[in-house]
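Residue-level structure breakdown
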Number of protein chains: 2
Amino acid sequence: MSKRASRETENAQNHLKEDEIFTEAVRIFKQKGYHATSVREIADAVGLQKGSLYHYLSSKEDLLFRIFERGSGALTQQLEEILAADDSAANKLHRGIEAHLNELCDQLDIFTVYLTERRALSGKHHAKVRAEGERHAELLEKIIAQGIRRGEFRRMDAKMAAHAILGMCNWLHQWYSPNGRLEPQEIARVFADLVVHGLQARTE
Amino acid sequence: MSKRASRETENAQNHLKEDEIFTEAVRIFKQKGYHATSVREIADAVGLQKGSLYHYLSSKEDLLFRIFERGSGALTQQLEEILAADDSAANKLHRGIEAHLNELCDQLDIFTVYLTERRALSGKHHAKVRAEGERHAELLEKIIAQGIRRGEFRRMDAKMAAHAILGMCNWLHQWYSPNGRLEPQEIARVFADLVVHGLQARTE
């Protein structure tokens with residue numbers, strides 16, 4: 001094997017191991033909580049010595065921060081695209097709620113850790129995650145404000161309405177089960193129906 | 001001092017110390033998380049030896065469970081009274097949301113621990129807290145179902161609507177600040193307006 005080919009194989013193996021560490025860490029953090037989980041437990045779960053684990057991560061907090069990045073990044077991008085689209089505010093809200101619930105239910109463990117372990121992050125990491133959460137609220141607020149400006153929605157405290165929507169979506173991590181009665185898309189339809197109906201200007 | 005009077009004084013002092021332990025435990029659990037908090041830290045915060053602290057509680061989990069009881073008991077009772085009252089479903093929902101936000105904002109630290117540390121409880125304690133959360137959802141669902149039956153609300157998945165309301169209320173623990181722009185009653189008015197408007201049957 002050439003030097004380059006062997007380096008590529010090594011890189012690929014590293015990525016596989018990183019994914020495995022990531023998945024196991026999410027599982028254990030969710031089950032026991034971040035603080036109650038030791039680096040040794042994560043190492044044991046992936047069959048590494050504690051020392052070797054640090055080849056893949058700089059600290060336990062580094063791992064937690066990566067979980068946060070995966071949990072929220074994709075949703076932010078989707079909400080930005082939805083806001084910029086040429087569509088009614090009602091449809092945008094429906095699409096935003098659906099995107100939120102799909103992401104959350106598809107990656108339930110990651111989102112649960114993301115939503116319950118924020119305070120475990122320190123300094124710069126904490127500020128970044130906080131800013132990301134505020135960005136979600138801000139994008140929803142902009143969609144609602146657009147609807148109000150166009151006369152599609154009635155006058156309303158758009159910031160509070162955005163927080164209400166964010167809350168109903170995020171809270172799913174506490175009660176949603178993949179074996180439950182409804183699919184994420186069906187729950188999204190009920191939520192969006194409730195909210196859009198609640199925001200729409202009435203003609204009567 | 002008679003034996004009885006001295007016993008009463010001792011009881012009163014015990015209650016004061018218990019309250020102090022409770023308040024400090026809530027503060028530290030909220031700040032660091034339950035698992036990251038040691039019994040020694042709680043003892044230090046109230047000026048007791050670790051051994052003496054066990055005079056007031058049987059275990060750290062016992063303390064956490066008491067926090068849960070204080071966090072949710074009062075709200076359940078209020079929701080039961082509201083459901084049984086002679087009032088429109090719209091008013092009942094408004095009163096239910098207001099009661100929820102008042103309780104949560106008045107006891108923000110207790111509710112934050114209540115809402116974020118559930119999984120730290122084991123066995124019977126966990127089942128009891130889970131049942132209490134389900135009871136909240138159930139009471140809201142009954143208010144909504146009442147409104148649908150009376151033709152005041154349109155047909156709607158009452159269980160999902162209840163979860164939506166519970167989520168928007170509970171999520172406040174993540175963003176509410178006593179120094180913020182709105183009082184809990186004002187936030188409750190916006191939430192109730194959004195939800196009631198969303199549920200109401202339209203005449204048009």
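Residues numbered from 1 in each chain as written. Chains lettered and ligands numbered in written order. Predicted model: local features only at pLDDT ≥ 70, side-chain atom pairs only at ≥ 80, totals over all residues. Heavy atoms only, no water.

1. Here we look at the relation of the copies chain B and chain A
- Mapping chain B onto chain A leaves a residual RMSD of 0.0 Å; the transformation is a rotation of 180° accompanied by 0.0 Å of translation along its axis. Look at the turn and shift together and you get a two-fold axis relating the two. Minimal C-alpha separation from the rotation axis in chain B is found for B:G198, amounting to 1.7 Å.
- A share of 100% of interface residues in chain B that are also interface residues in chain A marks the association as one of identical surfaces. (Least-squares fit on C-alpha atoms with pLDDT ≥ 70 in both. Contact = heavy atoms within 4.5 Å.)

2. Regarding the domain arrangement of chain A
Residues and elements named next belong to chain A.
- According to the domain assignment, chain A contains domain 1 (1-57) and domain 2 (59-199).
- Distance between the C-alpha centres of domain 1 and domain 2: 29 Å.
- Taken together, the contact between domain 1 and domain 2 spans 17 residues of the former and 15 residues of the latter.
- For the pairing of domain 1 and domain 2, the buried interface totals around 1500 Å² over both sides, and the portion due to carbon and sulfur atoms is 70%.
- Three residues, F22, K30 and Y34, lead the burial of domain 1 against domain 2; their summed loss comes to 46% of the area buried on that side.
- In this structure, K30 engages D109 in a salt bridge whose closest nitrogen and oxygen atoms are separated by 3.2 Å.
- Taken together, domain 1 and domain 2 are joined by 6 residue pairs in polar contact (both at pLDDT 80 or more). (Domains from an automatic or database assignment. Buried area = accessible area lost by both parts, 1.4 Å probe. Salt bridge = Lys/Arg side-chain N within 4 Å of Asp/Glu carboxyl O. Polar contact = N/O pair within 3.5 Å; in protein donor to acceptor, adjacent residues only side chain to side chain.)

3. Brief notes about the interface of chain B and chain A
- In this assembly, 42 residues from chain B lie in contact with 42 residues from chain A.
- In this assembly, chain B packs against chain A so that about 3800 Å² is buried in total across both faces, 60% of it on carbon and sulfur atoms.
- For chain B, the biggest contributors to the area lost against chain A are B:R119, B:W171 and B:L194; these three give 19% of the whole.
- At the junction of chain B and chain A, the tally comes to 4 salt bridges.
- A:R154 serves as the salt-bridge partner of B:D193, at 3.2 Å between the closest nitrogen and oxygen.
- The interface formed by chain B and chain A includes 10 residue pairs in polar contact (both at pLDDT 80 or more).
- Of all the secondary structure elements, the ones that give two or more residues to the side of chain B that touches chain A are α1 (3-32), α6 (108-116), α8 (158-170), α9 (172-175) and α10 (184-199) of chain B.
- With 9 residues, α10(B) is the largest single contributor of residues to the side of chain B that touches chain A.
- When the residues that make up the side of chain B that touches chain A are grouped by side-chain class, the tally is 17 nonpolar, 13 polar and 12 charged. (Helix = DSSP H or I, 4+ residues; strand = E, 2+ residues; numbered from the N terminus. Nonpolar A, V, L, I, M, F, W, Y, C, P; charged D, E, K, R; others polar.)

4. Details of helix α4 (residues 60-84) of chain A
- With 25 residues, α4(A) extends 37 Å between its outermost C-alpha atoms, agreeing within 8% with the 36 Å of an ideal straight helix rising 1.5 Å per residue.
- Taken as a whole, α4(A) carries its principal kink of about 30° at A:S72. (Expected span 1.5 Å × (residues − 1). Bend = angle between axes of the 7 residues up to and from the residue.)

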